[in-house]
Amino acid sequence: MNERILMCGNEALAEAAIIAGLDAYFGYPITPQNEVPEYMSKRMPEEGRVFLQSESELASINMVFGAAATGKRVMTSSSSPGISLMQEGISYLAGAELPAVIVNVMRGGPGLGNIAPSQGDYFQATRGGGHGDYRTIVLAPSSVQELVDCMPLAFDLADQYRTPVLVLADGILGQMMEPVVFNKKPRRKLPPKDWALTGADNRKQNIVRSLWLKEGVVEQHNYDLQAVYKEIEKNEILCEQYEVDDAEIVVVAYGIAARIVRGAVNKARQEGIKVGWIRPITLWPFPTEQINKAADNFKIFLTVELSCGQMVEDVKLAVAGKAPVVFYGRAGGGVPTVEQVLEKIRQLTLRPENII
Amino acid sequence: MMQKVFSKPQALKDCPTHYCPGCGHGIAHRLIAETIDELGIRGRTIGIAPVGCAVLAYDYFDVDMVEVAHGRAPAVATGMKRTNPDKIIFSYQGDGDLAAIGTGEIIHAAHRGEQITVIFINNAVFGMTGGQMAPTTILNQVTTTTPLGRDASKQGYPLQVSELLTLLPGTIYIERCSLHKPALIRNAKKAIKHAFELQLNNAPGLSLVELLSPCPTYWRMTPVKAIEWMENEMTKVFPLGRLKG
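Residues numbered from 1 in each chain as written. Chains lettered and ligands numbered in written order. Predicted model: local features only at pLDDT ≥ 70, side-chain atom pairs only at ≥ 80, totals over all residues.

What follows concerns the domain arrangement of chain A. Residue and element names in this part refer to chain A. Per the domain assignment, the segments making up chain A are domain 1 (5-235) and domain 2 (239-348). Averaged C-alpha coordinates put domain 1 and domain 2 at centres separated by 28 Å. At the junction of the two partners, domain 1 supplies 26 residues and domain 2 supplies 22 residues. Those elements giving two or more residues to the side of domain 1 that touches domain 2 turn out to be helix H6 (122-126), strand E6 (137-139), strand E7 (164-170), helix H8 (171-175) and helix H9 (217-235). (Domains from an automatic or database assignment. Contact = placed C-beta atoms within 7 Å. Helix = DSSP H or I, 4+ residues; strand = E, 2+ residues; numbered from the N terminus.)

Here it is in structure tokens:
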């Protein structure tokens, strides 16, 4: 499949996962990601692989846990309220060091919220989300093509570091159709899954667990996990920069918000405003150094999100007081227009009195 | 020459357990391990430990094992069996795990007819957390959260999960046994072996063996009294026998 095909994000990510060697998909319907299980229900049996509609997101994530424990490539998908239900299982996956991919096609919250696009789950995704001291890798594509390219990467990262990986999309990315190409890029060299439960056939027993009652063992387990997280932070940060060098204003945005920002930045440039943008593709690990470096020459940072301001906290930590950081966002399903972001950029050129 | 006539099952490790004196878990572990040995399936068996007193079951069973979140074993088993149909998957769950927090998971795994074997330990109490009420706690039974005894008008009636599960077309074999007498223990072994054999033969559905099991510590009884209580009280609420299949 090297030709360009017009597909919606949800179906495209499903096909990309299948091409990446997905063995099993477990999921429960929730809008706006229903095309994922629907597509999987048709395609997975065609490939002789497993599709199962679970009775709840609690069950989905634990089915994922079971298949992952036997060494299979496995994923689930859901949207915000369903991802909240999965947090118990994600914490157990992290504790038991099991690889799995979880796609969150975010919608408005809190509570049942609505079914409109949102980026309100940034904190939940980048801070672990469930109980305990852990992180999950978070990939945040901003186009259907990038969503497609994220899937094999997500599985490889999960297998390489033995960790759950989140793909953070939103209602627009899931629903909108764009042309995509399914590239079969060479895969990473991955470690053997010699820890997997396959039956102790002529070998010692394997155990997958997250409980150790002996004093000091869980403490050491935490330090071991942190060492893996340090490795991930060292090797796996992805971000895109555009016309940052001469910029006086740098807009930071991810996912679908970055698409809107790109339009606004291009228009602002046409008006002669020196503005660029930084787009984190991995939300954790966060491109802290890249943003910090960009803050060396005095610039104003504007963070644009489909939330009341979540990633802006990481941007502030990255900028570390070197420059002002301003936020603009809309929440609960509200989507900023290019014109609204452009207006915000224009206001910032009248600094400093307009900087809040 | 001396002939060896009896030994520890290979599927069980040679180590002491943490279980209390008079507890039934050790017996249940042994019956499962004997079954695994006799069927020659150690190399293709994956066990699932619950949250509860048996959370450390993988320290005693010498087969591949996973420890999972409270009550989720049937969902984990589903994920394993669907992706590994040639493996023998069993979950080992207590009454808090299976009949309280995991009610949804066991009902739907049974409902889908997952080809797994469930060993359900019913001791009418939450053991690991210190003797609180379980869904299977019988009426008037005193626990740390029913200090005046379980009162149907306040805490409901003991939940007969096995009877409930017989209604689902996805279950093929359900039997309730008890571990309080040698003859009953022999019968429990037969039931466990039958449940594993069904899975081995790809029988289309879920099999479950409920084992009534003594918990003298949290029944606040001597082991002897506990066995009498099972004979006189517990088996009246949870009658023994093959319920389905």
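Another point: the interface of chain A and chain B. In this assembly, 34 residues from chain A lie in contact with 29 residues from chain B. Considering each element in turn, the side of chain A that touches chain B owes the most residues, nine residues, to helix H3 (residues 57-69) of chain A. Here strand E9 (residues 207-208) of chain A pairs with strand E2 (residues 64-67) of chain B via two bridges, running parallel. Bridge pairing in E2 of chain B links Ile207 of chain A to Met65 of chain B. (Pairing = 2+ DSSP bridges.)

The subject of this paragraph is the pairing of strand E11 (residues 249-252) of chain A. Residue and element names in this part refer to chain A. Because side chains alternate across E11, one face comprises the buried residues Ile249 and Val251, and the other comprises Val250 and Val252, equally buried. Of the pairings in the sheet, the one linking E11 to strand E14 (residues 300-305) comprises four bridges and is parallel in character. Within the sheet, the bridge partner assigned to Val251 lies in E14 and is Leu302. As judged from the four bridges shared by E11 and strand E12 (residues 275-280), these two strands associate in the parallel manner. Each bridged residue has a counterpart across the sheet, and for Val251 the counterpart in E12 is Trp277. For the segment spanning E11, helix H10 (residues 255-270) and E12, crossover handedness is right-handed. (Buried ≥ 20, exposed ≤ 12 C-beta atoms within 10 Å, placed from the backbone. Right-handed = clockwise from strand over helix to strand, strands pointing away.)

This part is about the sheet that holds E12 of chain A. As a general point, the strands of a sheet are linked pairwise by backbone hydrogen bonds and lie either parallel or antiparallel. Residue and element names in this part refer to chain A. Pairing within the open sheet is mixed, and its five strands lie in the order E10-E12-E11-E14-E15. Bordering the open sheet on either side are strand E10 (239-242) and strand E15 (325-329), each of which pairs with just one other strand. Averaged over neighbouring strand pairs, the angle between their axes works out to 20° when direction is ignored. Sheet topology places E10 next to E12; four bridges connect them, and they run antiparallel. Its bridge partner lying in E12, Cys239 is registered against Pro280. Across the sheet, H10 is in contact with E10, E11, E12 and E14; its angle to E12 comes to roughly 165°. Docked against the sheet, helix H13 (residues 338-348) engages E11, E12, E14 and E15, running at close to 165° with respect to E14. (Axes fitted to C-alpha atoms, helices over the stretch in contact; angles between N-to-C directions.)

All names here are of chain B. Relative to the elements of secondary structure, Pro216 occurs in helix H8 (residues 216-219). Take Pro216: there are 20 C-beta atoms within 10 Å of it, and that puts it in the buried class. Sequence separation between Pro216 and Gly24 is 192 residues; the distance between their C-alpha atoms is 9.5 Å. Leave out the neighbours within four places in its chain, and Pro216 touches Cys20, Gly22, Met221, Thr222, Pro223 and Ala226.

Looking now at the nonpolar core. In this structure, Leu139, Ala154, Val251 and Val261 of chain A together with Ile119 of chain B are the most contacted members of the largest nonpolar core, which totals 191 residues. Sort the elements by how many residues they give to this core and helix H7 (residues 144-161) of chain A lands first, with 11 residues. Residue assignment places this core across two domains, with domain 1 (5-235) and domain 2 (239-348) of chain A each supplying three or more. Each residue touching Val251 of chain A, except ones within four places of it in the same chain, is listed here: Val261, Val265, Val275, Trp277, Leu302 and Val304 of chain A. (Core = buried A, V, L, I, M, F, W, Y, C linked by C-beta atoms within 7 Å.)

Describing two packed helices takes the angle between their axes plus the distance from one axis to the other. Residue and element names in this part refer to chain B. Their axes nearest at 9 Å, the elements helix H1 (residues 25-39) and helix H7 (residues 182-200) cross at an angle of 45°. As far as their axial angle goes, H7 and H1 are oblique. By crossing handedness, the relation of H1 to H7 is classed as right-handed. Contacts from Ile27, Leu31, Ile32, Glu34, Thr35, Glu38 and Leu39 of H1 reach H7 at Ile185, Ala188, Lys189, Ile192, Lys193, Phe196, Glu197 and Leu200. Here the contact of H1 with H7 is composed, by residue class, of nine nonpolar, one polar and five charged. (Parallel < 35°, antiparallel > 145°, perpendicular 65-115°, else oblique. Left-handed = near helix turned anticlockwise from the far one by under 90°. Nonpolar A, V, L, I, M, F, W, Y, C, P; charged D, E, K, R; others polar.)

All names here are of chain A. Among the nine residues in helix H5 (residues 87-95), seven count as buried, and that is most of the element. Turning to H5, its buried residues are Gly89, Ile90, Ser91, Tyr92, Leu93, Ala94 and Gly95. Close packing links the buried residues of H5 with H3, strand E5 (100-106) and E7. Looking one or two places after H5, you find Glu97, whose phi comes out positive at around 55°.

Peptide bonds are, in most cases, trans, and in most cases residues other than glycine have a negative phi. All names here are of chain A. At the junction of Thr31 and Pro32, the peptide bond is cis and its omega measures out at 10° in the coordinates. One can find Pro32 in the loop between strand E2 (24-27) and helix H2 (35-46). Residue Pro110 is reached from Gly109 by a cis peptide bond, and omega for that bond is 0°. When you line up the elements, Pro110 lands in the loop between E5 and H6.

As a further point, take the pairing of E5 of chain A. Residues and elements named next belong to chain A. Burial within E5 is extensive, with seven of its seven residues counted as buried. Side chains Ala100, Ile102, Asn104 and Met106 of E5 all project onto a buried face; the interleaved residues Val101, Val103 and Val105 project onto the opposite face, where all are buried too. Of the pairings in the sheet, the one linking strand E4 (residues 74-78) to E5 comprises four bridges and is parallel in character. Bridge pairing in E5 links Ser78 to Asn104.

With that settled, the discussion passes to the sheet that holds E9 of chain A. The mixed open sheet is built from eight strands, whose spatial order is E9(A)-E2(B)-E1(B)-E3(B)-E4(B)-E6(B)-E5(B)-E7(B). Only two strands of the sheet have a single partner each, and these edge strands are E9 of chain A together with strand E7 (241-244) of chain B. Two elements, strand E1 (residues 45-49) of chain B and strand E3 (residues 88-94) of chain B, share four bridges in a ladder whose sense is parallel. Note that in E3 of chain B the partner of Thr45 of chain B across the bridge is Ile88 of chain B. Sitting on the sheet, H1 of chain B touches E1, strand E4 (117-122) and strand E6 (206-212) of chain B, and the angle it makes with E4 of chain B is about 160°.

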